[in-house]
Amino acid sequence: MEKMTSPYRWGMVVDLDRCTGCGACVVACQAENNVGICGKREIAEGRDMHWLRIERFWVGEYPNVRVRFLPVLCQHCHDAPCEPVCPVYASYHNPEGLNGQVYNRCVGTRYCGNNCPYAVRVFNFYSHEWPKPLDNQLSPDITVRPRGVMEKCTFCIQRIRRAREDAEGEGRKIRDGEVQPACAQTCPTEALVFGNLADPRSRAARLSRSPRGFRLLEHLGTHPSITYLKGGGREHV
Amino acid sequence: MSEISDQTGRTIPTGPTSSTTKSATQLNDELLSSLRTPTWKWYGLALFLGAVVAWGLAAFSYQMYTDMSVTGLDRPVMWGVYIVNFVFWIGLSHSGTMVSAILRLCQANWRRPILRAAETMTVFTVAVGGLFPLIHLGRNWVFFYLIPYPNQRGLWPNFRSALLWDATAIFTYIIGSSLFLYLGMLPDLAVARDRASGWRLKLYTVLAMGWRGTAREWVVFQKASTLMAALIIPVAVSVHSIVAWDFAVTVIPGWHSTIFPPYFVIGAIHSGVAAVITLMIIIRKAFHLEEYLTPLHFDNMGKLQLVIALLWSYAYFVEVQTTWYAHEPIEWEVYGFMAHKYTFILLLMLVGNAILPIICLCFKRLRRSIPVMLVITLLINVGMFIERFLIIVPSLSHKNMPFVWGTYRPTWVEISVTAGAFAGFALMYTLFAKTFPMVATTDVREYETQKRLVPVGRTRLPSLAGKE
């Protein structure tokens, strides 16, 4: 069997010093990916559909309280706990290092959601609706997920596919910065940087080598594709 | 009541007429009495159970028709009472066949009146348990994606997933235990056939497969049942190990534990033996089998239960002790959360599963008291249900990312489906008991003919003829 290889290994860098917790990335992700719209009730029940969430932590005692933000999205692990547990291969790893999800194949055992240590997989507990004229904003590039399936961040795979088709048409590789997921594109402070980690000169690859870099729950050995750059700056000096 | 000695020299009580051994017809009459025309009480019970099953089915249909939001599941607790039920029922299924097989291999004669009840329990509990993974699917209507069938798309299920191992193991177990039950029942079906008329005659004629009771048939039968008993034990052990792997192979704090497979097997036998005893009590009462299910049987089963209760307590202690000593923060957080939020049911579990049975079953008088045994065995199964809940839910509630910690509370839909499952099991059992010989007639008769009074000098002494 031919080994599937790719010149790309997509990854992201999240600079926590730059993140202001504005939440623009969350909104952009929701708009780009046909993510179901949740009301107050669903969010209170813990059934919100955000593929990307901003975790907010309070640090210190009043009055010296500081707030910290941690954007958490699918870490696209290279040894992803969610992948081997899926009984139908709905959760799989593609040659570009993306952790994919085949919605039409998913039967909804929710095993992947349990086994994801980052809890970034969301399940369609409700059948979501887009009342007119909201249905006009649905992207035709992405499946609208029915109830009962798992979904998750894909690093906006539809954008990567399109960029790759364009590049292949011109007989070249995708240039650095040519493709960005919606969250990175929207981030006003450029806290999220997306790029090809297989290319050591890409911006994401260079930033990921920063001494401030760390990965979430690294001790579990999941080898995530996302590097966080430690925040806190002067507070810790 | 007269007494005779068994092979080990202990005196055991037997039926009141053992000095004048009962005729085969008398024995058949008594042991097959459950097959007589049902009384109105039986119809009432069946109707009641049927109604609960219908209610459970309605709840499940409602869940399928609306969506999974009618359950109490959320992120991060994506498995709840359905999976608790799955583990519980598969656990229950454990002992029936296994107890029967082990006792058959050990040639323990006291097994004879209870083995059918135990084997039947296995088949029905595994059938009920096997339904829960399908009930809990988000899209039940595409459940066949989980089956490895040849298809045009060239898609195959993922055999690296513990859920597929589960499906394989349970399917093997359900086939194996059904065959074991059917094989053991073959001569009884022939006896029932020879006494039946009407639709029963037709049914038993087909099922008895022309059994005539020739010497050759018996030789083959003996070989086959010993072989089946030896083969079913490893299957039974593997099934619950695999169920434990659903949890042990994950990276979830509180689930990822190497002791889980043996611990689950012990837990399964614990609940299974308790369920066998409970059923023995019910059958004894319902079919007036006081002569055949004597306090001796409860004494023996009580000893078995005591050993298993000790083993279970040891395994539980080891699991908690290693976690406590290592004090790995996330894992310890799970335990702290469990002890804080579920204090009452945690204590109930410890009392029901360990403290009460270990204390009570040490005493012969209590082991031989049927009401006491009923209470103890029922509490063990309540405890085991709680144990599965406490393994599954708290670990998921407090996983690695504190920002998405949550809780879980089952809704009426999940509770209704659970009630439906219990009633469904009871209904299948009730129907089976009226249709098929519930006491292993030929096994009991074999024993009755083996023990007889032989003249020694001027006196008659009880003897137990072994196999040649």
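Quick caveat: nothing in here was measured; it's all calculated off a predicted structure.

Caption draft 1: The arrangement of the overall build of chain B in detail. Looking only at helices and strands, chain B features 15 helices and 4 strands. In terms of its C-alpha atoms, chain B occupies a principal-axis envelope of roughly 85 × 55 × 40 Å. Within chain B, the proportion of its 468 residues that are buried is 43%. Taking as baseline every contact in chain B between residues at least 6 positions apart, the subset at least 24 positions apart corresponds to 79%.

Caption draft 2: Region of interest: the overall build of chain A. A tally of regular secondary structure across chain A gives 7 helices and 10 strands. The C-alpha radius of gyration computed for chain A amounts to 18 Å, which stays within 12% of the reference 18 Å derived for 237 residues, consistent with globular compactness. Projected onto its principal axes, the C-alpha coordinates of chain A cover approximately 50 × 50 × 35 Å. When the 237 residues of chain A are sorted by exposure, 43% land in the buried category. Nonlocal contacts in chain A, meaning residues at least 24 apart in sequence, comprise 63% of its contacts between residues at least 6 apart.

Caption draft 3: Here's a closer look at the nonpolar core. Met12, Val14 and Leu192 of chain A together with Val276 of chain B are the most contacted members of the largest nonpolar core, which totals 172 residues. When residues in this core are grouped by element, the largest group, 15 residues, is from helix α5 (residues 162–195) of chain B. The residues touching Val14 of chain A, leaving out its near neighbours within four places in the chain, are Cys19, Pro71, Ala191, Leu192, Ile226, Tyr228 and Leu229 of chain A.

Caption draft 4: Representation of the sheet that holds strand β9 (residues 213–214) of chain A. Residues and elements named next belong to chain A. Strands sit in the order β8-β1-β10-β9 across an open sheet of 4 strands; the sheet is mixed. What marks the edges here is a single partner per strand, and that holds for β8 (192–196) and β9. Pairing of strand β1 (residues 10–15) with strand β10 (residues 226–229), which is carried by 4 bridges, proceeds in the parallel orientation. Counted as the bridge partner of Val14 is Tyr228 from β10.

Caption draft 5: Structural detail: the packing of helix α8 (residues 260–286) of chain B against helix α9 (residues 295–326) of chain B. All names here are of chain B. Contact pair α8 / α9: the axes reach a minimum separation of 9 Å and the direction vectors enclose 155°. When the axis of α8 is compared with that of α9, the two are roughly antiparallel. Of the two elements, α8 crosses α9, and the hand of that crossing is left-handed. Mapping the contact onto sequence places Pro262, Tyr263, Ile266, Gly267, Ile269, His270, Val273, Ala274, Val276, Ile277 and Met280 in α8 and His297, Phe298, Met301, Leu304, Gln305, Ile308, Ala309, Leu311, Trp312, Ala315 and Glu319 in α9. Here the residues of the contact of α8 with α9 are counted per class, giving 17 nonpolar, 4 polar and 1 charged.

Caption draft 6: Structural context of α8 of chain B. When the terminal C-alpha atoms of α8 of chain B are compared, their 38 Å separation across 27 residues agrees well with the 39 Å that a helix rising 1.5 Å per residue should span. Positive phi shows up at His288 of chain B, right after α8 of chain B, with a value of about 55°.

Caption draft 7: A look at the interface of chain A and chain B. Contact residues are listed per partner, giving 33 residues for chain A and 32 residues for chain B. Within the residue set of the side of chain A that touches chain B, elements represented by two or more residues are α3 (82–85), α4 (111–115) and β6 (122–123) of chain A. Ranked by residues supplied to the side of chain A that touches chain B, first place goes to α4 of chain A with 4 residues. The class makeup of the residues in the side of chain A that touches chain B is 19 nonpolar, 8 polar and 6 charged.

Caption draft 8: Region of the structure containing the pairing of β8 of chain A. All names here are of chain A. With 5 of 5 residues buried, β8 lies mostly within the body of the structure. Relative to β8, β1 runs antiparallel, the two being bridged by 5 bridges. Note that in β8 the partner of Val13 across the bridge is Val193.

Caption draft 9: Helix α2 (residues 40–65) of chain B, seen in detail. Residues and elements named next belong to chain B. With 26 residues, α2 should cover 38 Å at 1.5 Å per step; its first-to-last C-alpha distance of 37 Å lies within 8% of that length. Turning to α2, its buried residues are Leu49, Val53, Gly56, Ala59, Phe60 and Gln63. Of the surrounding elements, those touching the buried residues of α2 are α4 (115–135) and α14 (412–435).

Caption draft 10: Structural detail: the packing of α5 of chain B against helix α6 (residues 198–208) of chain B. Residue and element names in this part refer to chain B. Their axes nearest at 9 Å, the elements α5 and α6 cross at an angle of 150°. Judged by the sense of rotation from one axis to the other, the crossing of α5 with α6 is left-handed. Taking contact as the criterion, the partners of Leu186, Leu189, Ala190, Ala192 and Arg193 in α5 are, on α6, Leu201, Tyr204, Thr205, Leu207 and Ala208. Of the residues contributing to the contact of α5 with α6, the split by class is 8 nonpolar, 1 polar and 1 charged.

Caption draft 11: The arrangement of the environment of Ile370 of chain B in detail. All names here are of chain B. Relative to the helices and strands, Ile370 is located in helix α13 (residues 370–397). Under the C-beta neighbour-count criterion, Ile370 is labelled partly exposed, with 17 such atoms within 10 Å. For the pair Ile370 and Thr278, spaced 92 residues apart in sequence, the C-alpha separation works out to 9.5 Å. Not counting residues within four places of it along the chain, the set of residues in contact with Ile370 comprises Ile281 and Phe298.

Caption draft 12: Structural detail: unusual backbone geometry. The linkage connecting Lys132 of chain A with the following residue, Pro133 of chain A, adopts the cis geometry, with an omega of 0°. Examined against the element boundaries, Pro133 of chain A turns out to sit in the loop between β6 and β7 (150–151). The peptide bond linking Arg75 of chain B to Pro76 of chain B adopts the cis configuration, its omega dihedral lying at 10°. Phi at Phe155 of chain A is positive, roughly 55°, even though this residue is not glycine. Counting through the fold element by element, Phe155 of chain A comes out in the loop between β7 and α5 (157–169). Exposure remark for Phe155 of chain A: the 27 C-beta atoms within 10 Å place this residue in the buried category. Notably, Leu217 of chain A is not glycine yet its phi reads approximately 45°, a positive angle. One can find Leu217 of chain A in the loop between β9 and β10. Take Leu217 of chain A: there are 16 C-beta atoms within 10 Å of it, and that puts it in the partly exposed class.

Caption draft 13: Structural view of the environment of Arg164 of chain A. All names here are of chain A. Secondary-structure assignment places Arg164 in helix α5. Judged by local crowding, Arg164 falls into the partly exposed class, with 17 C-beta atoms found within 10 Å. Between the C-alpha atom of Arg164 and that of Phe57, which follows or precedes it by 107 residues, the distance is 38 Å.

Caption draft 14: Structural context of the environment of Thr97 of chain B. Residues and elements named next belong to chain B. Mapped onto the fold, Thr97 is located in helix α3 (residues 81–105). With 30 C-beta atoms packed within 10 Å, Thr97 lands in the buried category. A sequence separation of 139 residues divides Thr97 from Ala236, and the C-alpha atoms of the two residues are 8.0 Å apart. Leaving out residues up to four positions away in the same chain, Thr97 has contacts with Glu119, Thr122, Ser177, Phe180, Ile232 and Ala236.

Caption draft 15: Region of the structure containing the confidence of the model for chain B. Residues and elements named next belong to chain B. Put simply, chain B has an average pLDDT of 85, and 91% of its residues get 70 or more. Note that pLDDT drops below 50 for residues 1–20; the model gives that stretch 29 contacts with residues more than four away or on any other chain. Here the predicted complex carries an ipTM of 0.90, next to a pTM of 0.90.

Reading the values: rules and limits
Residues numbered from 1 in each chain as written. Chains lettered and ligands numbered in written order. Predicted model: local features only at pLDDT ≥ 70, side-chain atom pairs only at ≥ 80, totals over all residues. Helix = DSSP H or I, 4+ residues; strand = E, 2+ residues; numbered from the N terminus. Buried ≥ 20, exposed ≤ 12 C-beta atoms within 10 Å, placed from the backbone. Contact = placed C-beta atoms within 7 Å. Rg over C-alpha atoms; globule rule 2.2 N^0.38 Å. Core = buried A, V, L, I, M, F, W, Y, C linked by C-beta atoms within 7 Å. Pairing = 2+ DSSP bridges. Axes fitted to C-alpha atoms, helices over the stretch in contact; angles between N-to-C directions. Parallel < 35°, antiparallel > 145°, perpendicular 65-115°, else oblique. Left-handed = near helix turned anticlockwise from the far one by under 90°. Nonpolar A, V, L, I, M, F, W, Y, C, P; charged D, E, K, R; others polar. Expected span 1.5 Å × (residues − 1). pLDDT = per-residue confidence, 0-100.

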